[in-house]
Amino acid sequence: MAPDKRGPDVTTDDIDRRYLRMPHTERGMVVGLFGGSFNPPHQGHALVAEIAIRRLGLDQLWWMVTPGNPLKDRNHLAPLAERIALSEAITTDPHIKVTAFEQAFGVSYTANTLARVKARNPNIHFIWIMGADSLQTFHKWQKWKEIARTFPIAVIDRPGATLSYLSSKMAKTFNFARIDEDDARVLWKKTAPAWTFIHGPRSALSSTAIRKAAE
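Just so we're clear, the structure is a prediction, and the values are computed from it rather than from any experiment.

A. Summary view of the overall build of the protein. Counting secondary structure elements, the protein contains 8 helices and 6 strands. Walking the protein from its N terminus toward its C terminus, one meets helices and strands in the order β-α-β-α-β-α-α-β-α-β-α-α-β-α. The proportion of buried residues among the 215 residues of the protein is 53%. Residue pairs in contact within the protein that sit at least 24 positions apart in sequence constitute 81% of those at least 6 positions apart.

Right, dumping it as structure tokens:
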């Protein structure tokens, strides 16, 4: 996710209204926020979600399908409704809640989205979840330092990105806030900025490769 995610061609007419609302939570829950274009979603995404749920001890994981990402090519972006349906098809864990509530916010930056999530859910403990492959470009996101100071962050290992946490601008800037992955289950208790890098099984699948294979 990144700035100005909503494009002029996005419509909500064919999207079930429940996807345009934040999922229901109960006071004190630990909730992971896992956002992306999911164009298309694949088992690599599902693996990241499952690792996050298990290692972070999440009560829920919000699988946030974004309207679009300006850092990526939109010419091949599938309709939002289609990406929601495909996400539902590969996420069988009841902890995972597929949602596209960002669409209801209109044009927005990720930092602003997270600020709203925090304001509307004061009694929930949120963790921002990202694949390690996003670390190298994270500093290009609008207000990326503000994002890091909003919620603790869990970075999940991805193929070819294992060493990103050492070389990325985000990792260097917030090196002081990194906690050992052995303490990942208590990350939610930490005051942001706080982050950890979680190693685990990795999938070589990528949305880009899947789209190219389908051409």
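There is more to say, and it comes next.
B. Examining the sheet that holds strand E4 (residues 125-131) more closely. Sheet architecture is open: 6 strands sit in the order E3-E2-E1-E4-E5-E6, paired in parallel fashion. Single-partner strands in this sheet number two, and they are strand E3 (96-99) and strand E6 (195-198). Each adjacent strand pair in this sheet contributes to an overall mean axis angle of 25°, direction not counted. Here 4 bridges tie strand E2 (residues 60-65) to E3, and the two strands are oriented parallel to one another. By the bridge assignment for E3, Trp62 is matched with Lys97. Against the sheet, helix H1 (residues 43-56) touches strand E1 (30-36), E2, E3, E4, strand E5 (153-156) and E6, its axis set at about 150° to E2. In the packing of helix H2 (residues 80-90) onto the sheet, contacts are made with E2 and E3, and the angle to E2 comes to roughly 150°.

C. Spotlight on unusual backbone geometry. Of note, the bond from Asn39 into Pro40 is cis; its omega dihedral lies within 30 degrees of zero at 0°. Along the chain, Pro40 turns up in the loop between E1 and H1. A cis amide bond links Ala192 to the next residue, Pro193, at an omega of 5°. Even without glycine at this site, Lys143 takes up a positive phi of about 55°. In this structure, Lys143 sits in the loop between E4 and helix H5 (144-148).

D. Examining H2 more closely. Considered for burial, the residues of H2 that qualify are Leu80, Ala81, Arg83, Ile84 and Ser87. What you see down the axis of H2 is that its buried residues fit within an arc of 165°, all on one side. Close packing links the buried residues of H2 with E2, E3 and helix H3 (102-105).

E. Inspection of the pattern of salt bridges at higher detail. The full count for this structure, using the stated rule, is 2 salt bridges. Between Arg18 and Asp16 there is a salt bridge, with the nearest N and O atoms lying 3.5 Å from each other. For Arg18, a relative accessible area of 47% puts it in the partly exposed group. A relative accessible area of 39% means that Asp16 is categorised as partly exposed. A salt bridge links Glu181 to Arg55; the shortest N-O distance between them is 2.9 Å. Residue Glu181 is found in the loop between helix H7 (169-173) and E6, and its partner Arg55 is found in helix H1; the two are separated by 126 residues along the sequence. Judged by relative accessible area, which is 23%, Arg55 ranks as partly exposed.

F. Looking closely at the pairing of E1. Counting buried positions over the 7 residues of E1 gives 7, a clear majority of the element. Sheet topology note: the E1/E4 ladder contains 5 bridges and is parallel. What sits directly across from Val31, in E4, is Phe126. Relative to E2, E1 is paired through 6 bridges, and the arrangement is parallel. Looking across to E2, one finds that Phe34 is bridged to Trp63. Between the parallel elements E1 and E2, the chain passes through H1 in a crossover that is right-handed.

The rules we used
- Residues numbered from 1 in each chain as written.
- Predicted model: local features only at pLDDT ≥ 70, side-chain atom pairs only at ≥ 80, totals over all residues.
- Heavy atoms only, no water.
- Helix = DSSP H or I, 4+ residues; strand = E, 2+ residues; numbered from the N terminus.
- Buried < 20%, exposed > 50% of the residue type's maximum accessible area, 1.4 Å probe, protein only.
- Contact = heavy atoms within 4.5 Å.
- Pairing = 2+ DSSP bridges.
- Axes fitted to C-alpha atoms, helices over the stretch in contact; angles between N-to-C directions.
- Arc of directions from axis to C-beta.
- Salt bridge = Lys/Arg side-chain N within 4 Å of Asp/Glu carboxyl O.
- Right-handed = clockwise from strand over helix to strand, strands pointing away.

Any functional reading would require information beyond the geometric quantities listed.
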